[in-house]
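# Examination of the molecular architecture
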Amino acid sequence: MRPVAVAAIGKTAFGAFPDRDLRSLAVEAGRKCLEDGHAGPGQVEALFLGNFAGPAFVGQSHLAPYVASGLGIQGVPATRFEAACASGGSAFFHAVSAVAAGLYDLVLVLGVEKMTSQPTPKVAEILASAGDLGGEMRAGATFPALFAMIARRHMHQYGTRREHLAAVAVKNHANGARNPQAHMRKVITLEQALAGKPVADPLTLYDCSMVSDGAAAVLLAPLERAAEFTSKPVRVLGIAQASDRFALDEKEDITTFPAVRAAAEKAYRMAGAGPADIEFAEVHDCFTIAEIIATEDLGFVKPGEGGPYCAQGSTALDGARPVNASGGLKAKGHPVGATGVAQICDVTAQIRGQAGDNQVRRHSLGLAENLGGSGATGVVTILGAA
Amino acid sequence: MTEEPKPRSAGVVYTETVVYSAPEAFLKDAPYQIAIVTLDEGGRVTARILGERVAIGDQVSFVEHRDGVPYFRKSAS
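Now for a look at the structure at hand. (Residues numbered from 1 in each chain as written. Chains lettered and ligands numbered in written order. Predicted model: local features only at pLDDT ≥ 70, side-chain atom pairs only at ≥ 80, totals over all residues. Heavy atoms only, no water.)

## Re the packing of helix 4 (residues 87-100) of chain A against helix 13 (residues 336-352) of chain A
Residue and element names in this part refer to chain A. Selection criterion: With axes taken as lines fitted to C-alpha atoms, and helix axes fitted only over the stretch in contact, angles between N-to-C directions fall between 0 and 180 degrees. Per the convention used, a helix needs a DSSP run of H or I reaching at least four residues, while a strand needs a run of E reaching at least two, with both numbered from the N terminus. Each angle gets one of four labels, with under 35 degrees taken as roughly parallel, over 145 as roughly antiparallel, 65 to 115 as roughly perpendicular, and the rest as oblique. Contacts were defined at the residue level, with two residues in contact if any of their heavy atoms lie within 4.5 Å. Note that Gly is not counted as nonpolar here; it falls among the polar residues with everything else outside the nonpolar set of Ala, Val, Leu, Ile, Met, Phe, Trp, Tyr, Cys and Pro and the charged set of Asp, Glu, Lys and Arg.
In the contact formed by helix 4 and helix 13, the axes pass within 5 Å of each other and the chain directions differ by 55°. As judged from the angle between their axes, helix 4 and helix 13 are oblique. From helix 4, S87, G88, G89 and F92 reach across to helix 13, where they touch G337, G340, V341 and I344. Looking at the contact of helix 4 with helix 13 residue by residue, the class counts come to three nonpolar, five polar and no charged.

Written out as structure tokens, the structure reads:
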């Protein structure tokens, strides 16, 4: 296996864009990425597309060639990857594997989702298809309800409090307010977060990520060729994807995501690094409780300590280990299929020192964690300055 | 658990939530409570709760299946 580098990145802003269709978002991100790498579409040897539910959200199938054609990429493999909210991370993982194995040199990884053209109940129904339709969803669960049940159990087992959940929302809103590409650029107070409209107890509107449109792209190259495209190559030091039991009622302990733990263990081993070495991270805060659990599953703190860890400021932009400096899914937005790729863009921008007002102090080694469904897919990536 | 639900007697609430923002099919029921119940005979099931709200650790009894969904109620103490 040969070393792989992120040679270029490109993103659209995340938000609700009624005038934009799925392809125009994907093409914008792809073009920005190719421009960032001073590369042309003719050089791309494969397109790996992360997309959760384009056929349901916008009615379009055969999405990878649809996007490739819009970008002027022809004659090469163009394939869609679907792993619920980890679709982008999964596309990235498989693309890195293919470049590492020597199948291709230049691969474009793109993530896209166009969600806001559907009314909210329809969006909820489409998202629910990532849960067990024959079990938990038939009983009336929604994704917020699944994570609410996770939060309740975490509170019961470890004494996690509503204030801890709210602290995650307050921090990520503060970071999102500094990010010009974020969907939600509004600072909120702890009191506001606690008084949010109830969605599924104990989660309020402020505990839930945004329904967004957006796209993100990454150009991969073998490390030895990265200098052709960038003066600041970022190396993929470790990466793994893992799966787990599908429904919450099939899991022994719902306060942890074994797929994330398994992927993290492999990624750390591959990188020759441990949790203590990670300087900053972008994690999958689809709900505030998910960020708390991510910091535990990634080994930053012990099980049960994730709430206080955030509430005491350790993961703030100026904290010891910033988590979701971009604003996270909570404030940056969560166009599902784009999220995992956008995390790679954000970590890469930090390592390059190009994260603007969201720049973290120590930025040589960062991690991205992307979660699918209620934890049945986990992807963990460790990136470092090459 | 996607298999056909089996007859069940009782169990203990492993976790629960009250759903306010319901999917379209359940809008008329909202707010309603769902719970993951650890069954006395082993295993867990995601169920709807009838009547009084329940909390983690509460004993619940099986009431009936409706459209393949098990409904439980807080056990008389």
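That shown, we press on.
## Observations regarding the pattern of salt bridges
All names here are of chain A. Applied cut-off: The term salt bridge refers to a pairing of a side-chain nitrogen on Lys or Arg with a carboxyl oxygen on Asp or Glu at a separation within 4 Å. Accessibility here uses a 1.4 Å probe with only protein chains present; expressed as a share of the type maximum, an area under 20% marks a residue as buried, one over 50% as exposed, and anything in between as partly exposed.
The tally for this structure, following the rule as stated, stands at 24 salt bridges over all chains. In this structure, the salt-bridge partner of R2 is D105, at a minimum N-O distance of 2.9 Å. In this pair, R2 sits in the segment before strand 1 (4-11) while D105 sits in the loop between helix 4 and strand 4 (107-113), placing the two residues 103 residues apart along the sequence. Taking relative accessible area as the criterion, R2 reaches 24% and is therefore assigned partly exposed. One network of salt bridges, with partners in common, ties together R2, D105, R225 and E228.

## Observations concerning the interface of chain B and chain A
What counts is decided by this rule: Summed over both partners, buried area is the accessible surface (1.4 Å probe) that two parts give up on being assembled. Each polar contact in these results corresponds to two N or O atoms within 3.5 Å; when the atoms are within protein, one needs to be able to donate a hydrogen and the other to accept it, and residues that are neighboring in sequence are counted only if both atoms are side-chain atoms.
Counting residues at the interface gives 25 residues for chain B, matched by 31 residues for chain A. Carbon and sulfur atoms supply 57% of the area that chain B and chain A bury against each other, a total of about 2400 Å² over both sides. Seen at the junction of chain B and chain A, the total is one salt bridge. Here R152 of chain A and E16 of chain B are joined by a salt bridge, their closest N and O atoms 2.7 Å apart. Applying the counting rule to chain B against chain A returns 14 residue pairs in polar contact (both at pLDDT 80 or more). For the side of chain B that touches chain A, the elements supplying multiple residues, two or more each, are strand 1 (10-19), strand 2 (32-39) and strand 3 (44-50) of chain B. No other element matches the six residues that strand 1 of chain B contributes to the side of chain B that touches chain A. Its residues assigned to classes, the side of chain B that touches chain A comprises 14 nonpolar, six polar and five charged.

## Regarding the packing of helix 7 (residues 162-177) of chain A against helix 10 (residues 288-297) of chain A
Residues and elements named next belong to chain A. Remark: helix 7 packs on helix 10, axes separated minimally by 8 Å, with the N-to-C direction vectors making an angle of 95°. Considering the angle they form, helix 7 stands roughly perpendicular to helix 10. On helix 10, the residues touching H164, L165, V168, A169, K171 and N172 of helix 7 are T288, I289, E291 and I292. Its residues assigned to classes, the contact of helix 7 with helix 10 shows five nonpolar, three polar and two charged.

## Some thoughts on the nonpolar core
All names here are of chain A. We apply this condition: Residues belong to one nonpolar core when they are buried, are Ala, Val, Leu, Ile, Met, Phe, Trp, Tyr or Cys, and are joined through side-chain atoms within 4.5 Å.
One finds F147, I289 and L298 to be the most contacted residues of the largest nonpolar core, which totals 70 residues. Looking at this core, the element that brings in the most residues is helix 6 (residues 143-158), giving nine residues. Residue contacts for F147: discarding those within four places in its chain leaves L203, F257, C286, F287, I289, A290, L371, G373 and S374. Ranked by size, the runner-up nonpolar core spans 41 residues in total, among them F93, V109, L220 and V341.

## As for unusual backbone geometry
In this structure, P202 of chain A follows D201 of chain A across a cis peptide bond, with omega equal to 5°. Looking at the secondary structure, you find P202 of chain A in the loop between strand 5 (198-200) and strand 6 (203-204). A cis amide bond, omega -5°, links A30 of chain B with the succeeding residue P31 of chain B. In this fold, P31 of chain B is placed in the loop between strand 1 and strand 2. For N324 of chain A, which is not glycine, the phi torsion reads 60° and is therefore positive.

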